[in-house]
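# Observations on the model geometry
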Amino acid sequence: MAASSSTMGKVIRCKAAVAYEPNKPMMFEDINVAPPQMSEVRIKMVNAAVCQSDLYFWKGKDVAKLFPRILGHEGAGIVESVGSNVKGIKAGDKCIPVWQAECKKCSKCKSSRTNICDTFVFNWGSGLMPSDKKTTRFTRVSDGKPIYHFFGISVFSQYTVVDEACVAKINPNADLSKICLLGCGIPTGVGSAWKIAKVHPKSTVAVFGLGTIGLAVVEACKVSGCSRIIGIARDEEKLARAMEFGLTDTLNTKAFNKPIEQVICEMTEGGMGVDYSFDCTGDPGIIYSALECCTPAGGVSIILGLVESSQVVKFHPGVLLWGRSWTSGLFGGYKGRTELPELVERCMKGHINLDHYITHHMPFSKINEAFDLLNQGGCIRCVMDYDK
Ligand SMILES: NC(=O)c1ccc[n+]([C@@H]2O[C@H](COP(=O)([O-])OP(=O)(O)OC[C@H]3O[C@@H](n4cnc5c(N)ncnc54)[C@H](O)[C@@H]3O)[C@@H](O)[C@H]2O)c1
Ligand SMILES: [Zn+2]
Ligand SMILES: [Zn+2]
């Protein structure tokens, strides 16, 4: 595997983790990666981590259930080559592949109201390249059959090809072994607090689920000066660990024989609930508890977790009648290309402490172990090194 101008315009053979069926270990095998076409960028991946959303699709909890597929959407790398017509990024640039695409041209990209790009909504379900909506850039070495992409970026391959709308050029001095976390978890968490909820000093908040997303919400709320940050989890170890991220109160759901939302309301002044609540679990029961624990008088509850496609949350509209809001968002509301580089700068200055999210390191070849670790709740983030 070599990354140099010698590979430009040529097919690259490299290793990738290919998921063939739900819940089965991925095959770490040779694949061919085609050169980037017009408006595309080929990236040599350097580091990546597994996010709970990878497990969601690997387990086939989504509607499409596309296989064989190369998963992965939280990573960082170096541009190997670019296709024709690509401006603003070139071979050798450090970058983060961004699943929340930004074409910069459509009316949504030009609006500050949303980070969803009209042109690239397609990225989500198809597993195909956005440029022609027909082909993939990955094929099996053994028989030349295509392998589906994931979220438009598929970072669990030593090389990947993405549309230029899906790549953020970042500071050349960034340490990719840490900055790779900005591919998903950290922006999702901090952006949900800062950009979606817009928490403010003295806000009271409740955060359900203390994995990377929940912990990043906690840290962002601490940076914003929130007065009370209540963390809710099912085990003491996670609660203890979350204290260093900024929790002021911990609640173990197993310790109470009444609904957790009631416990939270009773902890707040006036007994009405917190100003903001965040679901970072994807559990429908927790999503409803999070809604009920924020004050009916203008409280805001933000759903971040992915819920299995067959499950629903039932509610009576009366719970919103006093002006409570129930909302959600992808990637913390960040626009991938224009806003992520700025967040990278903030992290490099230490505004967010990336080190305390990284509990494990592993060579990329051991990716199935990294999946097991997150699946069993054994890590916050496990960073994989692609050169090992
Ligand atoms: N909205 C987005 O843009 C976005 C982006 C990334 C991840 N996600 C989703 O956010 C969620 C969290 O992702 P993560 O990577 O932090 O996962 P994670 O596995 O690291 O953390 C989830 C935590 O929730 C806890 N949890 C689960 N069910 C619970 C329950 N019933 N009660 C208490 N705690 C419970 C788990 O123990 C775990 O600690 C996932 O559903 C993921 O798919 C959404
Ligand atoms: Zn757009
Ligand atoms: Zn993710």
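Residues numbered from 1 in each chain as written. Chains lettered and ligands numbered in written order. Predicted model: local features only at pLDDT ≥ 70, side-chain atom pairs only at ≥ 80, totals over all residues.

Counting its secondary structure elements, the protein contains 11 helices and 17 strands. In terms of C-alpha radius of gyration, the protein reaches 21 Å, essentially the compact-globule figure of 21 Å for 388 residues. In terms of overall dimensions, the protein has C-alpha extents of about 65 × 40 × 40 Å along its principal axes. Within the protein, the proportion of its 388 residues that are buried is 49%. Considering only contacts in the protein between residues 6 or more positions apart, those separated by 24 or more positions represent 69%. (Helix = DSSP H or I, 4+ residues; strand = E, 2+ residues; numbered from the N terminus. Rg over C-alpha atoms; globule rule 2.2 N^0.38 Å. Buried ≥ 20, exposed ≤ 12 C-beta atoms within 10 Å, placed from the backbone. Contact = placed C-beta atoms within 7 Å.)

Here the focus is the UniProt feature "domain: Alcohol dehydrogenase-like C-terminal" (unreviewed entry) in the protein. Here, UniProt's "domain: Alcohol dehydrogenase-like C-terminal" (unreviewed entry) annotation points to residues 213-346. The span residues 213-346 is 35% helical and 16% strand by assignment, and the distance between its end C-alpha atoms comes to 18 Å. (UniProt positions renumbered as here; feature names shortened; annotations may be inferred.)

Here we come to the packing of helix α5 (residues 185-197) against helix α6 (residues 212-223). When two helices pack together, you describe them by how their axes are tilted relative to each other and by the distance separating the axes. Direction vectors running N to C along α5 and α6 enclose 45 degrees, while the axes themselves pass 7 Å from each other. The angle between α5 and α6 places the two elements in the oblique class. For the pair α5 and α6, the sense of crossing is right-handed. For the pair α5 and α6, contact is made by G185, I186, T188, G189, V190, S192, A193 and W194 and by T212, I213, G214, L215, A216, V217, E219, A220 and C221, respectively. In terms of residue class, the contact of α5 with α6 is built from 10 nonpolar, six polar and one charged. (Axes fitted to C-alpha atoms, helices over the stretch in contact; angles between N-to-C directions. Parallel < 35°, antiparallel > 145°, perpendicular 65-115°, else oblique. Left-handed = near helix turned anticlockwise from the far one by under 90°. Nonpolar A, V, L, I, M, F, W, Y, C, P; charged D, E, K, R; others polar.)

Reading across from one edge, β1-β2-β6-β7 is the order of the four strands in this open sheet, with antiparallel pairing throughout. Edge strands, defined here as strands with exactly one partner in the open sheet, are β1 (12-18) and β7 (146-147). Of the strand pairs in this sheet, strand β6 (residues 138-140) and β7 are connected by two bridges, and their pairing is antiparallel. Of the residues in β7, the one forming a bridge with T139 is P146. (Pairing = 2+ DSSP bridges.)

Across its 13 residues, helix α10 (residues 336-348) extends 17 Å between first and last C-alpha, which sits within 8% of the 18 Å expected from 1.5 Å per residue. Listed in full, the buried residues belonging to α10 are G336, R337, E339, L340, L343, V344 and C347. When α10 is viewed along its axis, its buried side chains cluster within an angular range of 165 degrees and face the same direction. Once α10 finishes, G350 follows within two positions and takes phi at roughly 90 degrees, a positive value. (Expected span 1.5 Å × (residues − 1). Arc of directions from axis to C-beta.)

A few words on helix α9 (residues 284-292). Given 3.6 residues per helical turn, the α-helix brings residues three or four places apart onto the same face. Where α9 is concerned, the buried positions are I286, I287, S289, A290, L291 and E292. Check the buried side of α9 and you find it contacts β10 (204-208), α8 (260-267), β13 (276-279), β14 (300-303) and β15 (325-328).

Another point: the sheet that holds β13. What the six strands build is an open sheet, ordered β12-β11-β10-β13-β14-β15; its pairing is parallel. Looking at strand neighbours, the two that pair on one side only are β12 (249-252) and β15, the edges of this open sheet. Strand-to-strand twist across the sheet, computed as the mean angle between neighbouring axes with direction ignored, equals 20 degrees. Here β10 pairs with β13 via four bridges, running parallel. Bridge pairing in β13 links A206 to S277.

The environment of ligand 1 is made up of 29 residues, and the closest members are Q52, G209, G211, G282 and G305. Among the secondary structure elements, those contributing two or more residues to the shell around ligand 1 are α1 (52-58), α5 and α6. The class makeup of the residues in the shell around ligand 1 is 13 nonpolar, 13 polar and three charged. Taken domain by domain, the makeup of the shell around ligand 1 includes at least three residues from each of domain 1 (5-183 + 353-385) and domain 2 (188-330). (Near = placed C-beta within 6 Å. Domains from an automatic or database assignment.)

Cis geometry marks the peptide bond from F67 to P68; its omega dihedral reads -10 degrees. Positive phi, close to 50 degrees, is recorded for K65, a residue that is not glycine. Positionally, K65 belongs in the loop between α1 and β4 (75-82). On the basis of neighbour counts, which here come to 13 C-beta atoms within 10 Å, the residue K65 falls in the partly exposed class. Notably, S154 is not glycine yet its phi reads approximately 40 degrees, a positive angle. Mapped onto the fold, S154 is located in the loop between β7 and β8 (159-163).

The topology assignment puts L306 in the loop between β14 and β15. With 15 C-beta atoms counted inside 10 Å, the residue L306 sits in the partly exposed group. Distance from L306 to K61, taken between C-alpha atoms, is 9.3 Å for residues 245 residues apart in sequence.

This next bit is on the nonpolar core. Counting residues in hydrophobic clusters, the biggest one holds 118 residues, and the most contacted among them are I179, V205, A206, V207 and V217. Of all the elements, α6 adds the most residues to this core, at seven residues. If you count residues domain by domain, this core takes at least three from each of domain 1 (5-183 + 353-385) and domain 2 (188-330). Ignoring any residue separated from it by four or fewer positions in sequence, one finds V207 in contact with G214, V217, V218, I229, G231, I232, F278 and C280. (Core = buried A, V, L, I, M, F, W, Y, C linked by C-beta atoms within 7 Å.)

This part is about the pairing of strand β16 (residues 358-363). In this structure, β16 lies alongside strand β17 (residues 381-385), joined through five bridges in parallel fashion. Along β17, the bridge assignment pairs I358 with R381.

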